[in-house]
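# A closer look at the structure
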Amino acid sequence: MKPILKNQFYIKRLKQLIPIVIILFQLSCKNVLHTSQTEPANKLFNDNWEFVKDINVKIDSSLFLKENNNNWQKVELPHTAQIEPLVIKGAQWQGICYYRKFFQLPTESKGQHIAIKFEGAMQVAEVYLNNKLVKTNFGGYLPFYIDITDIIDFENENCLVVKLDNRNNPNVPPGKPVEDLDFNIYSGIYRNVWLLVTDKLHISDPIDANKIAGGGVFITFPEVNNDLAKINVDVDVKNDHNEKSNASIEAILIDKKGQTVEKTSSSAQEIQANQSTVFQAKFEIKSPNLWSPDSPYLYSLKINVLKDGRIVDSQTQPVGLRSFGFSAKNGFILNGKKLKLRGTNRHQEYPYIGYALSDNANYRDAYKIKQAGFNFVRLSHYPQTESFISACDELGILVMDAIPGWQFFGDSTFQDNAIQDVRKMIRRDRNHPSIIIWEASLNESGMNKEFMQKANNAVHEEYPGKDVYTSGWIDDVYDIFIPARQHSKPPYYWNKYDKNKPLLVAEYGDWEYYAQNAGFNQKEFKNLSEEQRTSRQLRGFGQKRLLQQAINYQESHNDNLNGNAVGDANWLMFDYNRGYAPDIESSGIMDIFRLPKFAWYFYKSQINIDKNEPTDFNKPMIFISNFYNDPSFLEIKVYSNCSEVELLLNGKTVEKRKPDIDKNSTNLTHPPFTFKLKDFVPGELQAKGYLNGNVVVSAIRRTPLNAVGIKLWIDESGKQIEKASNDIVFLHAAIIDVNGTIIPDAVNNILFSVNGDATLVGVNPIEAEAGIASILLKAGKNGGEIKISASSEGLKLGELKLVLP
């Protein structure tokens, strides 16, 4: 009987619990439903596009039918309209191309706000939806937003058509014909496209709102220090309903661990139909974690919009807390401490695909900049993909944002468009903690004072208050003067600049050596021609010329530090193609495939070692800038951030020494270590780096032997290659000897092959340069196992296996 009584007891208890379970289940369902309603159905709109170029397309109703073939190609975004040659030779593709996408929205989206946002398309765009022109946009470097709420067809399939024209246009910055331009503008819908579905009561888009210092979410910081951070948040809420709505917001600040730091709510306000209202939220955070290059701490700020107490829209974005200022007297002050800006310039192009980089590829570029020891980057000479700036936020790289322009000043239409670019750039990028300077100046262009005043004013109108600085290459209305080193000759006048204005050397190390022979150290190698003494050195030009480039950068950077400049930025980080030139501009400290030259290691050696928490960005490093394969080249220059370096030849000490003391090392954080060998004895060079008497890092150079095989690797630089994101990485194949040493003068033809869900982009087969051949590897949608091989006559096959989960 006991078991029966026990079962009856449990049955009785279950009957008592059933109503509670039902209530909990209902609450759970309500919460799930509530979440699905409140989270906007915002998603990447990059898949399943069609593309065609170089044909005459009539935009009429037939174009919006699937039956209209026109040789449409299936493509994914980001996309370039033309796979360019490795060396473009001043002839990038220009013309008209078309993109088309068929899509259907669920009927649940009826009654919601629906929009499409383009991050960037080059350069004049006409956008049609269901045979209706919905947007014409001028400019290829900034986003545009299209409200399609009243045009979308919920009963049938929709067709979106984009007509792009990247031909020369003097009205659209940069304005200069590509054949005369110092870079290429490339082509296509080369950045992400988004489909945005929200409630009709929603946070507005700052580009679409087109309000001075308004639209979207605008975060400012009246006070930030180690003890307290005051945060002001303006949220522009738009009511697209045909009736008034009662709305409020709540703002939640969340730390890296996902814990709520502070939460605040506004009172409800009535927003009239088709109008918007700005809500404000304020925080005071005690003992905040501050953002800096050494510690790029990011909070998350979540903004919820509530209608009658129910969440109807939500946005989350990173927040970095910092205060900064520039002055002629004190330089650059970040969070109360002086910081010298050590920087570089970056063009956003890749070989072959131009600007059509994945977000991960942009991150990898930022990672390499940080690896090289830079704490600052200038975006040359246009607003770059926002994912790159977000990477700078995450990694801790300070940024100078810039409008499109180079050696061209157009008519009133061009000037109006340039001022609008200033405004759009700030509206897009104003919440990024990495941005400290707004270059509202057309680089090296003959701007008149009226334009400069308008551009300067536009910045301060769009971002009123403190911690806002404009810059320009003409020493006039702007807050910071940013000359290039080539704009003068020795002795450089900014080393004695005495105006009450901050100065930053925005370019150095290239043109002054190339065109003016202005460097102080051009006789470092007396047997080099003038061409060989420039900083424009391809990786395959040999070790003497690579070392000369590094010496040029060392010399000019050291000299820049003689004056009161707040910092400098070398020209430049990566080799690139130019519109006006038949060759690759090769003054980059990495080549166009992101392989380092000797100069990259010089800059990396300027990083101070973090003894407590060493990372890839601040650990001990050492590099021997000699391939040790030339009996006539017995100078061994070692770059290291250690206090002493010992050089060994075949296991025997040659010398142990302190850093160089010479006229080109007087201001360096870590000067190089220069050794002289008496004789060339083939074998092994080893450099050991010492700190406090202990070996903390070492490097080896072996005299190359005969080539026997190929070594394969991909460059992931902080981001693993991902499927289903149009991700792309560099695939490298090195020709090696039996010891694994790369043969630095090997020029074998390398044939790449891939088996699996990935494709190769680029010249194939391709001749190795300085022992390494490179190509692009693009991941597919499905991932899985990918087998890669590289072959060359007479060499053992190189093989690599990847698995993309």
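The structure contained in this document is the topic of the report that follows. (Residues numbered from 1 in each chain as written. Predicted model: local features only at pLDDT ≥ 70, side-chain atom pairs only at ≥ 80, totals over all residues. Heavy atoms only, no water.)

Where nonpolar side chains cluster on the molecular surface, the patch consists of Trp511, Tyr514 and Tyr580 and spans about 290 Å² of accessible area. Positionally, Tyr580 belongs in the loop between strand E31 (576-577) and strand E32 (584-585). (Patch = residues over 30% accessible without salt bridge, like charges linked within 9 Å, V, L, I, M, F, W, Y side chains within 5 Å. Areas by Shrake-Rupley, 256 points an atom, 1.4 Å probe, with all protein chains shown as cover. Salt bridge = Lys/Arg side-chain N within 4 Å of Asp/Glu carboxyl O. Helix = DSSP H or I, 4+ residues; strand = E, 2+ residues; numbered from the N terminus.)

Further remarks concern the pattern of salt bridges. Per the counting criterion, the structure on display carries 41 salt bridges. When the shortest N-O distance is used, the salt bridge between Lys637 and Asp660 registers 4.0 Å. With Lys637 in strand E34 (residues 635-640) and Asp660 in the loop between strand E36 (652-657) and strand E37 (673-676), this residue pair connects regions lying 23 residues apart in the sequence. We note that Lys637, like Asp660, is buried. Note that Glu785 is salt-bridged to Lys787, the shortest N-O span being 3.8 Å. The exposure class of Glu785 is partly exposed, given its relative accessible area of 41%. Judged by its relative accessible area of 45%, Lys787 is partly exposed. Each of Arg423, Arg427, Glu461 and Glu462 takes part in one network of salt bridges that share partners. (Buried < 20%, exposed > 50% of the residue type's maximum accessible area, 1.4 Å probe, protein only.)

Using the criterion set out here, one finds 38 aromatic pairs in the structure. Ring geometry for Tyr141 against Tyr382: centres 4.5 Å apart, planes inclined by 15 degrees, an arrangement best described as stacked. Pair noted here: Tyr141 is in the loop between strand E7 (132-138) and strand E8 (144-147) and Tyr382 is in the loop between strand E24 (376-379) and helix H4 (386-395), with a separation of 241 residues, a long-range link. Note on accessibility: Tyr141 and Tyr382 belong to one class, buried. A cation over a ring is seen here: Lys53 above Trp93, with NZ or CZ 5.9 Å from the ring centre. (Phe/Tyr/Trp six-rings, centres within 6.5 Å; stacked < 30°, edge-to-face > 60°. Lys NZ or Arg CZ within 6 Å of the ring centre and 35° of its normal.)

H4 packs onto helix H3 (residues 359-371) with a crossing angle of 45 degrees between their chain directions and a minimal axis gap of 8 Å. By the angle between their directions, the pair H3 and H4 is classed as oblique. You can see that H3 and H4 cross each other, and the crossing is right-handed. Together, Asp359, Asn362, Tyr363, Asp365, Ala366, Tyr367, Ile369 and Lys370 of H3 and Ser387, Phe388, Ala391, Cys392, Glu394 and Leu395 of H4 make up the contact between the two elements. For the contact of H3 with H4, a count of residues per class yields 8 nonpolar, 2 polar and 4 charged. (Axes fitted to C-alpha atoms, helices over the stretch in contact; angles between N-to-C directions. Parallel < 35°, antiparallel > 145°, perpendicular 65-115°, else oblique. Left-handed = near helix turned anticlockwise from the far one by under 90°. Contact = heavy atoms within 4.5 Å. Nonpolar A, V, L, I, M, F, W, Y, C, P; charged D, E, K, R; others polar.)

On to the environment of Trp194. With respect to the helices and strands, the residue Trp194 is situated in strand E10 (residues 193-198). For the pair Trp194 and Asn46, spaced 148 residues apart in sequence, the C-alpha to C-alpha distance is 7.5 Å. Those residues in contact with Trp194, other than ones at most four positions away along the chain, are Lys43, Leu44, Phe45, Ala115, Ile116, Lys117 and Glu119. A distance of 2.8 Å separates the side chain of Trp194 from the side chain of Glu119, its partner in a polar contact. (Polar contact = N/O pair within 3.5 Å; in protein donor to acceptor, adjacent residues only side chain to side chain.)

On their own, these measurements won't tell you what the molecule is for.
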